[in-house]
Structure formats: structure tokens, C-alpha cells
Amino acid sequence: MNLSPWECVGGKSKPKKDGRVVDLPRPKEDGHRAVRGIFAAWLRVGSEGRTPIWASWLVSLHRPLPIDAPIKWVEMHAHRIGPRTEWQLLVTVDDGSGMTKHENKKEGVIEWRPTNARSWDLTLAVNLGWRNLPDTNGAIRVAYAIGSDRYEEEIRVPPSYVSGVAHVASLESIRKKEFNEAAKALDDWFGEMEWPAVLVEAAKWRDRWLAPKKLARFIGEWRKNRFDGDARVFTVAEAWLKHDRHLWFWESDERAKLLRMRKDIYRCVAARWAVKYGRILVTDMDLRDFAELPAPEDAAATSGKVQRVTQRLGAPSELREAIKNACSTRDTTMVEKSGTYTPICNACGSLTKFDARAVIVHTCFECKTAWDQDENHCKNLLASDKVMRKRAEALAPTEKGEGEVKVEKKSGRWQKRRSQKTSQVDEKPVVSG
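Worth saying up front: this structure is predicted, and the values here are computed from it rather than measured. (Residues numbered from 1 in each chain as written. Predicted model: local features only at pLDDT ≥ 70, side-chain atom pairs only at ≥ 80, totals over all residues. Heavy atoms only, no water.)

1. A short note on the pattern of salt bridges
Summed over all chains, the structure comprises 21 salt bridges. Close ionic contact of Glu154 with Arg141 constitutes a salt bridge, the shortest N to O distance being 2.5 Å. Note that Glu154 is positioned in strand E10 (residues 152-157) and Arg141 in strand E9 (residues 140-147), a separation of 13 residues in sequence. Residue class for Arg141 comes out buried when judged on its relative accessible area of 6%. One salt bridge connects Arg272 with Glu153, and the closest N-O pair in it is separated by 2.9 Å. (Salt bridge = Lys/Arg side-chain N within 4 Å of Asp/Glu carboxyl O. Helix = DSSP H or I, 4+ residues; strand = E, 2+ residues; numbered from the N terminus. Buried < 20%, exposed > 50% of the residue type's maximum accessible area, 1.4 Å probe, protein only.)

Written out as C-alpha cells, the structure is:
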């Protein structure tokens, strides 16, 4: 059993007679980072009778473990990156932080509160999505944030990431093209030479090969069963295999580097928000609904391929998870609110209907105020949170133990005028910006 790329010690050699696990390095008492180096991690993977079987990995800890924090889980993960396997040690500790879910179905609000949540000092509203913006050299907007302190920020996936993904796709295309040429050449060779029966059986279904690994597996079998007169064609096959593995390494490493870059950008943004704000509002939406393909009879005029590609490039769900993780370690409350806030004008409160996919900046039909869709969404999200908090304060228990609710009555004339504004719908909106 191949348990690790470095060392796997069975029970017969008895490396640990008492069954103890080698302690992982801990930081110094003064809290400074420990000296980085190579350490051994031992995990028990089985038993032979009462004798434990240990698997040992050489690991490098990129940060020390918290002082006096009990270890809950230790896991070793194997990630397949192209033709190689990358191992990662994950140590889960209990440092007293964590997120507790509080759901209010009546208000449509889900709050994720840390164990030691801070008070509501500053609030940040975040609108997650994906949008191709003009004149940005290929950058993709994945979030727009507005704080209660009038702070505004737009989060974009940089153009270097988009161009890097296109480069990875070009490498994959080159691999497919060269594989098709090599498979055609192999088919021609089978018509020109007399092949052993074992190789004929191995290449019986070569017309159905769709992946380079099929041809690579055949070349490996060919290497074991060489025959007279195959020197020239075998050299060509070996050259293709060497170049294909080079492209495979290149493609997989570039893809892994780009994914790590995007994750690092999202983690840094989420950490900065969680430090500054004590409450972060995010729209509660299931992003899987946007990834599902519609039925052929329900399909729109376009296939939506560009939108699905943009969604995968932006990956807003990864940013949402980064926000949740950052809030859990920095005593910040994350609130997921359900509802639609984009078609409501933040200036006059009127409800408008327009093509949200084609128009980024919309002009309100009532007050003629031009606003960005995502900016308007965040402002409405902040306003709804203020209303909800005021309602919660009004319903808070008083000294008598009863909640006080103050309802301000409006005249019928005001209600009629307000209903006309909020029910405004224009079938032919004016496209702006």
C-alpha cells in the first residue's frame, strides 16, 4: 500500500512501540513565529493485530499552531495536479472561535454570529455577482460593497487572471491537437507494419480514444513489448509522449497558480472587511440556480455560454466562503438576507422594470436619478437592515417585560401617492450608460 511519497512504516518494524504520535512543532511562549523547517508528521492508518501502522510525511508548516489550543482533527489530503500528486496537511484546532447559525424565517434573514461577536458599530453591504464591464481590459466585477460610513469598493478579478485562464485553455487545445495527430499516425502505422498480438489487443479500441492518457498507456505497453522494425515509429511516439507530459505539467501548474491567486485576493479582501466592520450583509442566493442549463424548450435566444464562463471565472461563491471564514475568526457577524433589492430606486423608492443584463447604469423613470445596479443594491440592502434593526429595538423587552411597537399612521392620500410610485412599471425602458 503506497501511503505517502516519502515514507510508510509498517507494524513489523515497530517504530512506535507505545503507540505515541510525534508531536507537531509548537510556537514559542512569547508568541513569535517558530523557525520554519522540515518536520515529520505521523498518522496512524491501520493496525496489524494490536500493533499500529504509521504513515510518515515530511511537512513544512507555514504558520505555527496556536498556544494552548486543543487539536480536534489532523487530516492529510492528496491533490492531483496534472501528472503529479501534491500532499497537504490540515490541522484543525479549537481556539474558542466559531460561527453559530441564527435563522429568522419571518424576516428571511440568516445570521452567522461568532462566539464573541462584536457590537454593531459599522455595517457593510456586499452584492455578489459576476459582470463583464466595458473598458476594463477584460476585468470581471464579482462584488460591490458599500459601508455605513459611506465607504465604497468594487472587487474585480484582474485581467491577468482572465488572460491566464485563456493561456491555460490554449495549452489544452494544443494538447488535443497533437493527440489527434498522434492517434491518426498510430492508425497509419498499424496499416503499414505487422504488430504483436498483445499490442493489437491493446489498441483495439483506438478509434474511440478521447484522452491523451489512452495513447500514453498504449506507449507504456509498447515499451514492454518491442518488436523488430519499430525503432523509427517508436522514437516518434516517445517524442510525442515527452512533449505531451511537458504541456500537461505546464497546463496544470498554471491552472493551480491562477486558482491560488484568486483565492488569495478574496481572502485578503474578506479579512480587510472583517477587521473594519462588525456586521457584513450578503444577499442570500443559491448560485447553483444560475449554473443549471435550462430545458431546450425553455431556452432563451442565446445559450448563455458567456454568462456561465464569466460565473466560473469570477466564482462569487468562493468570495462568500472567504467572507464567512474571515468573520468567524475576527468576531464579525455575517448576515445573509433574502429578497430583491436591485429594481428599487434608492433615491425615491419607486419600483422599475428594465433589462438588468444589458444595462449597468440605469436612470430612474420617476426621479431621473442614474445609479449603478450593484451600488443601488447595496444601498437598499443597508436601508433594509436599518429598518430591521429599528424594528428589533422597538420589540426589545422593556422594564415591564413587554415590547413597545409604535405605528405611525399615514393619510389615505399619502398611501395612494406612494402606491403609484412603487407600482411604476415601464414596458419599454430607456437604455442608458
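2. Focus on the side chain of Arg131
Within the secondary structure, Arg131 sits in strand E8 (residues 123-132). Among the residues examined, Arg131 registers a relative accessible area of 17% and is labelled buried. A polar contact is formed between the side chain of Arg131 and the side chain of Gln373, at a distance of 3.5 Å. In this structure Arg131 touches Ala139, Ile140, Arg141, Thr310, Ala356, Ile360, Gln373 and Asp374, once residues within four positions along its chain are discounted. (Polar contact = N/O pair within 3.5 Å; in protein donor to acceptor, adjacent residues only side chain to side chain. Contact = heavy atoms within 4.5 Å.)

3. Quick look at the confidence of the model for the protein chain
Looking at the protein chain as a whole, the pLDDT averages 76, with 70% of positions reaching at least 70. Residue range residues 1-35 is modelled with pLDDT below 50. Its contacts to residues more than four positions away, or to other chains, number 65 contacts. (pLDDT = per-residue confidence, 0-100.)

4. Description of the pairing of strand E2 (residues 39-48)
Where E2 and strand E3 (residues 51-59) come together, 9 bridges link them in antiparallel fashion. Bridge assignment links Glu48 to a residue of E3, and that residue is Thr51. Counting the residues that bridge the hairpin from E2 to E3 gives 2 residues, and of these Gly49 lies at a positive phi of roughly 75°. (Pairing = 2+ DSSP bridges.)

5. Let's talk about unusual backbone geometry
Notably, Asp331 is not glycine yet its phi reads approximately 55°, a positive angle. Looking at the secondary structure, you find Asp331 in the loop between helix H7 (316-329) and strand E12 (333-337). You can call Asp331 partly exposed: its relative accessible area is 28%. Here the phi dihedral of Lys368 falls at roughly 60°; this positive angle occurs in a residue that is not glycine. In this structure, Lys368 sits in the loop between strand E13 (361-363) and strand E14 (370-372).

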